Amino acid sequence: MTYKSTRGGDSGKTFSEAVIKGLASDGGLFVPEEEVSFSQEEIRVMCGMDYQGIAANVISRFADDFTASEIEKCVTDAYRKEKFPDGPAGFTTLDKDLSVLELWHGPTCAFKDMALQIMPLFMRKAIEKCGESKEITILTATSGDTGKAALEGYRDVPGIKIMVFYPSEGVSETQKLQMVTQCGANVNVVAIKGNFDNAQTGVKKIFSDKEFAKKLAADGKMLSSANSINWGRLLPQIVYYFFSYTKLVSAGTIKFGEKIDFCVPTGNFGDILACYYAKKAGLPVERIICASNDNKVVADFLSTGVYDKNREFLTTTSPAMDILVSSNLERLIYDALGKDCGAVKGFMEQLSNVGRYDIGGKVLAKIREDFDAGFSVQEEVSETIANVYKKYNYLIDPHTAVGVSVYGKVSDKTRHTVCVSTASPFKFNTCVAESLFGNDIPEGIGEDKVSALLSERTGFPVPVPLRGLFDRKVRFSEVVDPDMMPKKAEDFIYDR
Ligand SMILES: *Cc1c(COP(=O)(O)O)cnc(C)c1O
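Predicted model, so just to flag it, every value in this text is computed and none were measured.

Asks: Explain the overall build of the chain to me, please; I cannot follow it from the model alone.
Replies: Along the chain, the regular secondary structure elements total 21 helices and 15 strands. In terms of its C-alpha atoms, the chain occupies a principal-axis envelope of roughly 60 × 55 × 45 Å. By residue count, 61% of the 496 residues in the chain fall in the buried class. Once local pairs closer than 6 in sequence are excluded, the contacts in the chain between residues at least 24 apart make up 74%. Entry remark: accessible area of the chain is about 18500 Å², with carbon and sulfur atoms responsible for 49%. With 59 positive and 67 negative side-chain charges, the chain shows a spacing of 2 Å between the two charge centroids.

Structural data, given as structure tokens:
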């Protein structure tokens, strides 16, 4: 298996090389050069495996420069009991048509852990395989969850440092505390004045600065990314779509071979793209429903074929989905355009120059063979949280609620649907508590008290990694203008 850039620049790269580089030299994203396909028999065999077994199976097809035992070691280390005490993923069937895949049982209580607990292990191994001797700095922009998950995954990994930029507007108190109290000798966290797109744009600028890259190389250093543009992030996410299917078959909810739908709360289009890759690889999936929040740039694209980021950026109760440029869409477009790298490049140039492109009716129709789309605004999200609790005695966070709400509006309900649950409700406790209790919450209490109250009134426990968060020591308190990001990164890389 080799990887190439969606824009045609790099090709023939191994999995290891793609993971180390993160972004291709021409600014494109790495995609597999060969189609991976599992036979129905191979999928049937997976129905008898645990999460780790399925993970090793799926990953080995895409990472064939790793030996089977190397992959097994990565998988066992990443998803071990200390990190995921209840198992890597939870699966709850709410009724005969609807299940929830819980991806927040890891150390940071958001689905990012599913990938970011294993990606640093891939990277360590890849460095060894490629004989890469440069010191790697992971630079990441986060809308809240990636930052913490990346810090937790990379902390104290030898030969790698990690720096996280988060927007001072838009992350929750819990998310912020999770990051600014991060332990580890190789970590740094800086807040920037602005929103997630400002942070992401700043990081992309640092990555595309050729002079800076040259200087770093001369000094034995290099940059890499932990954002979902890195194929090493996307690959582990393909696994849990297979896992969901096996769960439904084992429970007898569906017959083997029967098709199901997935509904995925979407921001940077990474999670949902992994679902698309699972489908392409033979998993019996019919519809993939893309759920956007008020920032519905992707839902609009999937409805009209026009991607237009020239609109107001809204901060919502589902901040991890507050985004106007969904980077991973480029990988889908690459497929939909029949792998025409020149055309991809053209559209991405339009996006960068005028903030808009029109993919055209024919290409949109191709995309719609697999995808449906919808959006839900904050009021609907609150209602959904309350309704799901009332109907099923089950708690969901606002991101998951966007998914469940959109499922309600978009799905034709003719197949079993799995809604992907991307964060613990306790991570976004204020929105959840307000949705359930309205004004019946003491005024001015901090998120720690809100969490306790939510737990007390619903009987659901606060997840262990979130307990005691408010008593931890704050290590990082810097807030800077986006223009300062290159300087901050350089200072950190050079230990200044
Ligand atoms: C990151 C995130 C999302 C969006 O996932 P993408 O892969 O960026 O589309 C949704 N919900 C939560 C809680 C997240 O952390």
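Asks: Which parts of the structure should I look at to understand the nonpolar core?
Replies: The tendency in soluble globular proteins is for nonpolar side chains to be buried side by side. Core analysis: the largest hydrophobic core is formed by 153 residues, its most contacted members being Ile 59, Ile 238, Tyr 241, Phe 242, Phe 262 and Tyr 357. The leading source of residues in this core is helix H11 (residues 231-250), at 12 residues. Core analysis: the next-biggest nonpolar cluster, separate from the first, contains 20 residues, Val 203, Leu 216, Met 485 and Ala 489 among them.

Asks: Where do I start with the site of the ligand in this structure?
Replies: What surrounds the ligand is a group of 15 residues, the closest being Lys 112, Asp 145, Gly 267, Asn 268 and Thr 422. Interatomic distance of 2.7 Å between a backbone N/O atom of Gly 267 and an oxygen atom of the ligand. Between the ligand and Gly 270 there is a distance of 3.2 Å, counted from an oxygen atom to a backbone nitrogen or oxygen. Here the ligand loses 97% of its free accessible area of 380 Å² to cover by the protein chains.

Asks: Explanation requested: the environment of Ala 68 in the structure shown.
Replies: Tracing the chain through its elements places Ala 68 in helix H4 (residues 68-78). Sequence spacing of Ala 68 and Ala 56 is 12 residues, and the spatial spacing of their C-alpha atoms is 7.7 Å.

Asks: Please clarify how the packing of aromatic side chains should be interpreted in this entry.
Replies: Geometrically, a pair of aromatic rings is defined through the distance of the ring centres and the angle of the planes. Per the counting criterion, the structure on display carries 21 aromatic pairs. Taking the centre distance of 6.4 Å and the plane angle of 50 degrees together, the rings of Tyr 3 and Phe 15 count as tilted. Of this pair, Tyr 3 sits in strand S1 (residues 3-5) while Phe 15 sits in helix H1 (residues 15-21), and the two are 12 residues apart along the sequence. Accessibility expressed as a relative area gives 0% for Tyr 3, which makes it buried. Taking the relative accessible area as the measure of exposure, Phe 15 reaches 1% and is therefore buried. Centre to centre, the rings of Tyr 241 and Phe 262 are 4.9 Å apart; their planes meet at 90 degrees, and the pair counts as edge-to-face. Of this pair, Tyr 241 sits in helix H11 while Phe 262 sits in strand S9 (residues 260-265); the two residues are 21 residues apart in sequence, bridging distant segments of the chain. Tyr 241 gets classed as buried once you look at its relative accessible area, which sits at 0%. Members of the aromatic cluster, connected to one another through ring pairs, are Tyr 3, Phe 15, Phe 62, Phe 66, Phe 122, Trp 231, Phe 269, Tyr 276, Tyr 277 and Phe 371. The side chain of Lys 296 reaches across the aromatic face of Phe 375, ending 4.9 Å from its centre.

Asks: Explain the side chain of Lys 112 to me, please; I cannot follow it from the model alone.
Replies: Here Lys 112 is to be found in helix H5 (residues 112-116). One buried charge, Lys 112, has no salt-bridge partner; the nearest side chain with opposite charge is Asp 145, at 4.7 Å. With near-sequence residues (within four places) excluded, Lys 112 lies in contact with Asp 145, Thr 146, Ala 149 and Arg 233.

Asks: Explain the sheet that holds strand S8 (residues 221-225) to me, please; I cannot follow it from the model alone.
Replies: Think of a sheet as strands paired side by side through backbone hydrogen bonds, with each pair either parallel or antiparallel. Read across the sheet, five strands follow the order S8-S5-S6-S7-S15 without closing on themselves; strand pairing throughout is parallel. The sheet is open, and its two edges are formed by S8 and strand S15 (479-480), each paired on a single side. Both strand S5 (residues 135-141) and S8 contribute to a ladder of five bridges, which runs parallel. Paired with Ile 138 across the two strands is Ser 224, which belongs to S8. Sheet contacts for helix H7 (residues 145-154): S5, strand S6 (160-167) and strand S7 (187-192); angle to S6, the most-contacted strand, approximately 165 degrees. The strands that helix H21 (residues 485-493) touches are S5, S6, S7, S8 and S15; relative to S6, the one it contacts most, it runs at about 155 degrees.

Asks: It is not clear to me how the sheet that holds S9 should be interpreted in this structure. Could you clarify?
Replies: With mixed pairing, the six strands of this open sheet are ordered in space as S3-S4-S14-S9-S10-S13. Edge positions in the sheet fall to strand S3 (90-95) and strand S13 (371-375), since each has one partner strand and no second. Across the sheet, the axes of successive neighbouring strands diverge by a mean angle of 25 degrees, strand direction being ignored. Here strand S10 (residues 285-292) pairs with S13 via five bridges, running parallel. Within S13, the residue paired with Cys 290 across the bridge is Ala 373. Across the face of the sheet, helix H13 (residues 297-304) comes into contact with S10 and S13 while running at roughly 135 degrees to S13.

Asks: Sorry, what's going on with helix H9 (residues 196-208) here?
Replies: Given 3.6 residues to a turn, an α-helix orients residues that are three or four positions apart in the same direction. Compared with an ideal rise of 1.5 Å per residue, which puts 13 residues at 18 Å, H9 spans 18 Å between its outermost C-alpha atoms and is within 8% of the ideal. Inspection of H9 places Phe 196, Asp 197, Ala 199, Gln 200, Gly 202, Val 203 and Ile 206 among the buried residues, and these make up the whole buried set. Against S5, S6, S7, helix H10 (210-218), S8 and H21 lie the buried residues of H9. The distance from a side-chain oxygen at the start of H9 to the backbone nitrogen of Asp 197 is 3.0 Å, and the residue carrying that oxygen is Asn 195.

What counts and what doesn't
- Residues numbered from 1 in each chain as written.
- Predicted model: local features only at pLDDT ≥ 70, side-chain atom pairs only at ≥ 80, totals over all residues.
- Heavy atoms only, no water.
- Helix = DSSP H or I, 4+ residues; strand = E, 2+ residues; numbered from the N terminus.
- Buried < 20%, exposed > 50% of the residue type's maximum accessible area, 1.4 Å probe, protein only.
- Contact = heavy atoms within 4.5 Å.
- Areas by Shrake-Rupley, 256 points an atom, 1.4 Å probe, with all protein chains shown as cover.
- Lys, Arg positive; Asp, Glu negative; His and termini not counted.
- Charge placed at Lys NZ, Arg CZ, Asp CG, Glu CD.
- Core = buried A, V, L, I, M, F, W, Y, C linked by side-chain atoms within 4.5 Å.
- Near = heavy atom within 4 Å.
- Polar contact = N/O pair within 3.5 Å; in protein donor to acceptor, adjacent residues only side chain to side chain.
- Phe/Tyr/Trp six-rings, centres within 6.5 Å; stacked < 30°, edge-to-face > 60°.
- Lys NZ or Arg CZ within 6 Å of the ring centre and 35° of its normal.
- Salt bridge = Lys/Arg side-chain N within 4 Å of Asp/Glu carboxyl O.
- Pairing = 2+ DSSP bridges.
- Axes fitted to C-alpha atoms, helices over the stretch in contact; angles between N-to-C directions.
- Expected span 1.5 Å × (residues − 1).

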